[in-house]
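Single-letter residue listing:
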Amino acid sequence: MKQNRKINQVFAMITDFGFDFSVASMKALILKEFPGAQIIDVDHSIKQFSVLSGAFVIDKIYRYFPQLTVFICVVDPGVGSKREPIFIDTGNYKFIGPNNGLFHYILTDPKVSYSSWSIKEEFRSVRSTTFHGRDLFTPAAIEIAKGNFDIVQSIDKEKLVLIPLLREDVSVITYIDGFGNIKTNIPFKDEFKKRDFLNLNVSGAHHLVRVSHTFSDASKGELLCYKGSNDTLEIAANLASAEKILNAEVGDSVTVEE
Amino acid sequence: MKQNRKINQVFAMITDFGFDFSVASMKALILKEFPGAQIIDVDHSIKQFSVLSGAFVIDKIYRYFPQLTVFICVVDPGVGSKREPIFIDTGNYKFIGPNNGLFHYILTDPKVSYSSWSIKEEFRSVRSTTFHGRDLFTPAAIEIAKGNFDIVQSIDKEKLVLIPLLREDVSVITYIDGFGNIKTNIPFKDEFKKRDFLNLNVSGAHHLVRVSHTFSDASKGELLCYKGSNDTLEIAANLASAEKILNAEVGDSVTVEE
Amino acid sequence: MKQNRKINQVFAMITDFGFDFSVASMKALILKEFPGAQIIDVDHSIKQFSVLSGAFVIDKIYRYFPQLTVFICVVDPGVGSKREPIFIDTGNYKFIGPNNGLFHYILTDPKVSYSSWSIKEEFRSVRSTTFHGRDLFTPAAIEIAKGNFDIVQSIDKEKLVLIPLLREDVSVITYIDGFGNIKTNIPFKDEFKKRDFLNLNVSGAHHLVRVSHTFSDASKGELLCYKGSNDTLEIAANLASAEKILNAEVGDSVTVEE
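Definitions and limits used
- Residues numbered from 1 in each chain as written.
- Chains lettered and ligands numbered in written order.
- Predicted model: local features only at pLDDT ≥ 70, side-chain atom pairs only at ≥ 80, totals over all residues.
- Heavy atoms only, no water.
- UniProt positions renumbered as here; feature names shortened; annotations may be inferred.
- Salt bridge = Lys/Arg side-chain N within 4 Å of Asp/Glu carboxyl O.
- Helix = DSSP H or I, 4+ residues; strand = E, 2+ residues; numbered from the N terminus.
- Buried < 20%, exposed > 50% of the residue type's maximum accessible area, 1.4 Å probe, protein only.
- Contact = heavy atoms within 4.5 Å.
- Buried area = accessible area lost by both parts, 1.4 Å probe.
- Polar contact = N/O pair within 3.5 Å; in protein donor to acceptor, adjacent residues only side chain to side chain.
- Nonpolar A, V, L, I, M, F, W, Y, C, P; charged D, E, K, R; others polar.
- Domains from an automatic or database assignment.
- Least-squares fit on C-alpha atoms with pLDDT ≥ 70 in both.
- Phe/Tyr/Trp six-rings, centres within 6.5 Å; stacked < 30°, edge-to-face > 60°.
- Lys NZ or Arg CZ within 6 Å of the ring centre and 35° of its normal.
- Axes fitted to C-alpha atoms, helices over the stretch in contact; angles between N-to-C directions.
- Parallel < 35°, antiparallel > 145°, perpendicular 65-115°, else oblique.
- Left-handed = near helix turned anticlockwise from the far one by under 90°.
- Bend = angle between axes of the 7 residues up to and from the residue.

- As recorded in an unreviewed UniProt entry, chain A goes by the name Adenosyl-chloride synthase, listed as coming from Candidatus Giovannonibacteria bacterium GW2011_GWA1_44_29.
- UniProt, in its Sequence similarities (unreviewed entry) section for chain A, records the words "Belongs to the SAM hydrolase / SAM-dependent halogenase family."

This is the structure:
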């Protein structure tokens, strides 16, 4: 097997572990094999077990990275169950994680072509199962970064899991940050900017929300909505948490009504 | 244009974004141009929109960094308004950020000489405005790190914005950390150490505060003050949050009374 | 003095500082001497002043790192007192920190041999004492990484401080993460898995806790226990904080009763 290690191979991590020492053990393993690696913490504050939030973050971030970046993605409510560890290769980017919908946006993007692989049983079975991030996904990512594809085998594309909620083309809350600011998957239309207020329906409740990204335009505790950094509709509150005001959770439905 | 890229060019980031995936997109762009870059997260937990806290952190940290470090500084309540993106060059250190007071301490330090530049309109206008940290300040920092000064033009020093509050030489709360410990801009005098208690006036309320850095000297919930890591007066509480006890916010006045 | 600097020398940091700019000043100093260093934030969210949690994290993480990694460990309730800064060298790994029990597990591990050193008074006395992490421990770690052992002198092993609580072979809560999940130092026995529930005694109160790592097995707010990523017993709660439910703190006793 020919190996061709990049000196500054980039690894990017997306997990729901929180930023504590469990993440460091994954980095430590990488440094043993890639002493000059660039390891980027994309986000460890994904809402725990929210595959939807994880999928959203992966989709919004990966195109900014250098080609051949290896993404280690672990948001895994099914740890311990039989869901397969997979490897999705778009040619430009490599993604390793559980087959649970985390790669929904990549798999359904008509502009992206990819090959799909599962980690072989023989690679999995010899490993501890106590912490898959460290004991399975990171070692697999290291082998793949080294160009060792002996550890994977092809998997049929129809076996790749998508997120059922997103297949219905619904619009939902996809992410809530530490300030309580809410991101959605609703593309922000130019016409929204022309209005003073949008009539938002969040989980069945109606809210007339000011269209502005200038927080000081709103009174204290007032909601605002605007075009977020990913060109989608975001909802925040001036000096307050939109999450708390709306009692919102990732996955809740959001629509813009006329 | 001659370019001279350092292999391990250091970039240091100071923002109020919180540590989530928006920061990672900025790092990803840097790695495309500087594969061996050292990217240091100085602080992403600056109180949101607190230019004062951002300015304080920049001043207290930059001298520890290697020469030619490029600082990307984004605490920007005026995002979307007309405030200019600027570049301050002290020769040893390079700072990129909004012209809103964030560089107050550097600009007013009699021991520091600097040149001042604004990012040219032609560089700005072709860029998305949805997320200036990623779409404007980081690309500008990358060009400057590459030695491409074609993107900037000189700006008059009298146009550089300072923080009005600090020009009156008042003493204020400059930073509150995650534990509720309070930092101020009051130089800690040797004579403070000789006293058992300091009479502190915080936003008009008087507090007799024990002078000690040994938390166990105080009873549970008792306030303490001491010489902080930046040689300024800090206020904490034993097993409690000084922020909550004093109902304190960044910018509140603090004075030591006789 | 012969110096032999590794290009990608690994430094790993374990502190209770929180992740703010005080940590960045330590990294900045390292980059001045080791421009290609790999600096890993193992954990800055150790419970403040909890030497027990710090010792637990160090023990659970260090073996994953490349050989010759230098660990900078600062959980230091005695800052300002006379406790000595020490250097423990296992041959494979180097640890710098206060002599206060932080290296308990390394010093008492029958499989580990080590040499023990204290930082010389002449190295300490010329330094600021306002922030030992930046002004003492990091500079010492840099010298040791450079191979400059002139700054240390041998220290008798009987002078090395252990954690009294752990010498009695008690089982305790060693770590609580940001989700309120509780780690203990109780080895998870295979027989635990065969039971549906464990009878846990936490600080004298009895709790019948479901044995399962599948959160959805439990009702909302119900406690679960399982084999954690370090092969020890962990306690969590479905969609809730086990820390709050049990009113638990690091150091509290935990036992599995028949």
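Considering the pattern of salt bridges
Here's step 1: The final tally for this structure, using the stated rule, is 48 salt bridges over all chains.
Here's step 2: With a closest N to O distance of 3.7 Å, A:Glu121 and A:Arg124 form a salt bridge. Of this pair, A:Glu121 and A:Arg124 both sit in helix α4 (residues 121-125), separated by three residues, roughly a single helical turn.
Here's step 3: Using a relative accessible area of 48% as the deciding quantity, one classes A:Glu121 as partly exposed.
Here's step 4: Here B:Asp135 ties to B:Arg134 by a salt bridge, and the two come within 2.8 Å at their closest N and O atoms.

Examining the interface of chain A and chain B
Much of the literature gives interface size as the accessible area that the parts lose upon coming together.
Here's step 1: Taken together, the 28 residues of chain A in the interface contact 21 residues of chain B.
Here's step 2: Where chain A abuts chain B, roughly 2100 Å² becomes buried across the two surfaces, and 65% of that area is made up of carbon and sulfur atoms.
Here's step 3: For the pair chain A and chain B, the number of links is zero salt bridges.
Here's step 4: Applying the counting criterion to the chain A and chain B interface returns six residue pairs in polar contact (both at pLDDT 80 or more).
Here's step 5: At the level of elements, β2 (38-43) and α2 (51-61) of chain A are the ones that each hand at least two residues to the side of chain A that touches chain B.
Here's step 6: Broken down by element, the side of chain A that touches chain B gets its largest block of residues, five residues, from β2(A).
Here's step 7: The residue inventory of the side of chain A that touches chain B, partitioned by class, reads 13 nonpolar, seven polar and eight charged.

Brief notes about the domain arrangement of chain A
All names here are of chain A.
Here's step 1: When the domains of chain A are assigned, the result is domain 1 (10-164) and domain 2 (170-257).
Here's step 2: With 11 residues of domain 1 at the contact, the number on the domain 2 side is 12 residues.
Here's step 3: With both sides pooled, the region where domain 1 packs onto domain 2 buries about 810 Å², and carbon together with sulfur makes up 61% of that total.
Here's step 4: For the pair domain 1 and domain 2, the number of links is zero salt bridges.
Here's step 5: At the boundary of domain 1 with domain 2, the tally comes to two residue pairs in polar contact (both at pLDDT 80 or more).
Here's step 6: A per-element tally of the side of domain 1 that touches domain 2 places α2 first, with five residues.
Here's step 7: Partitioning the side of domain 1 that touches domain 2 into residue classes produces five nonpolar, three polar and three charged.

A short note on the relation of the copies chain A and chain B
Here's step 1: Each copy of the sequence occupies a distinct position, and chain A is placed on chain B by a rotation of 120 degrees and an axial shift of 0.0 Å, giving an RMSD of 0.0 Å. Each copy turns onto its partner about a three-fold axis. It is A:Gly36 whose C-alpha, among those of chain A, lies nearest the rotation axis, at 4.6 Å.
Here's step 2: Of the residues that chain A buries at the interface, just 4% are likewise interface residues in chain B, meaning the two copies contact each other through different surfaces.

A word on unusual backbone geometry
Here's step 1: The backbone phi angle of B:Asn247 is positive, close to 50 degrees, even though this residue is not glycine.
Here's step 2: Residue position: B:Asn247 is located in the loop between α8 (242-246) and β14 (254-257).
Here's step 3: The phi dihedral of C:Leu68 falls on the positive side, at around 75 degrees, and the residue is not glycine.
Here's step 4: Inspection of the secondary structure puts C:Leu68 in the loop between α2 (51-61) and β3 (70-74).
Here's step 5: For C:Leu68, a relative accessible area of 36% gives the class partly exposed.

Here's the deal with the packing of aromatic side chains
Here's step 1: As enumerated under the stated definition, the model contains 39 aromatic pairs over all chains in all.
Here's step 2: Measuring from ring centre to ring centre gives 5.7 Å for A:Phe19 and C:Phe19, while their planes differ by 65 degrees; the resulting arrangement is edge-to-face. A residue pair is termed interchain when its members come from two chains, as with A:Phe19 in the loop between β1 (10-15) and α1 (21-33) and C:Phe19 in the loop between β1 (10-15) and α1 (21-33).
Here's step 3: What makes A:Phe19 partly exposed here is its relative accessible area of 26%.
Here's step 4: Aromatic pair B:Phe11 and B:Phe34: ring centres 5.4 Å apart, planes at 65 degrees, arrangement edge-to-face. Taken as a pair, B:Phe11 in strand β1 (residues 10-15) and B:Phe34 in the loop between α1 (21-33) and β2 (38-43) lie far apart in primary sequence, 23 residues in all. Neither B:Phe11 nor B:Phe34 differs from the other in exposure class; each is buried.
Here's step 5: One aromatic cluster is present, built from ring pairs that chain together A:Tyr62, A:Phe65, A:Phe71, A:Tyr93, A:Phe95 and A:Phe103.
Here's step 6: The ring centre of B:Tyr114 lies 4.1 Å from the NZ or CZ of B:Lys157, which sits over that ring.
Here's step 7: The ring centre of C:Phe34 lies 5.6 Å from the NZ or CZ of C:Arg5, which sits over that ring.

Some remarks on the relation of the copies chain B and chain C
Here's step 1: For these two chains of identical sequence, chain B goes onto chain C by a turn of 120 degrees and a shift of 0.0 Å along the axis, with RMSD 0.0 Å.
Here's step 2: A share of only 4% of the interface residues of chain B reappears at the interface of chain C, consistent with the copies meeting through non-equivalent patches.

Concerning the packing of α1(A) against α2(C)
Pairs of packed helices are described in terms of their axes, by the angle between the two and the distance that separates them.
Here's step 1: Where α1(A) meets α2(C), the axes come as close as 10 Å, and the angle between the chain directions of the two elements is 25 degrees. Overall, the two elements α1(A) and α2(C) adopt an arrangement that is roughly parallel. Considering only the axes of α1(A) and α2(C), their crossing is right-handed. Residues A:Phe21, A:Ala24 and A:Ser25 of α1(A) form the contact with α2(C), whose participating residues are C:Phe56, C:Val57, C:Lys60 and C:Ile61.

Quick look at the side chain of C:Glu234
Residues and elements named next belong to chain C.
Here's step 1: Note that Glu 234 resides in strand β13 (residues 232-237).
Here's step 2: Judged by relative accessible area, which is 5%, Glu 234 ranks as buried.
Here's step 3: Among the polar contacts made by the side chain of Glu 234, one reaches the main-chain amide nitrogen of Ser 229 at a distance of 3.5 Å.
Here's step 4: The contacts of Glu 234, once residues within four sequence positions are left out, are Ile 182, Lys 183, Leu 224, Cys 225, Tyr 226, Gly 228 and Ser 229.

Description of α2(C)
Here's step 1: Here α2(C) lies mainly inside the structure; 10 of its 11 residues are buried.
Here's step 2: Looking only at α2(C), the buried set comprises C:Val51, C:Leu52, C:Ser53, C:Gly54, C:Ala55, C:Phe56, C:Val57, C:Ile58, C:Asp59 and C:Ile61.

Regarding helix α5 (residues 132-145) of chain A
All names here are of chain A.
Here's step 1: Thr 138 marks where α5 bends most, by close to 30 degrees; the proline Pro 139 follows one to four residues later.
Here's step 2: Across the 14 residues that make up α5, a large majority, 14, are buried.
Here's step 3: Taken from the residues just after α5, Gly 147 is the one with a positive phi, measuring 90 degrees.

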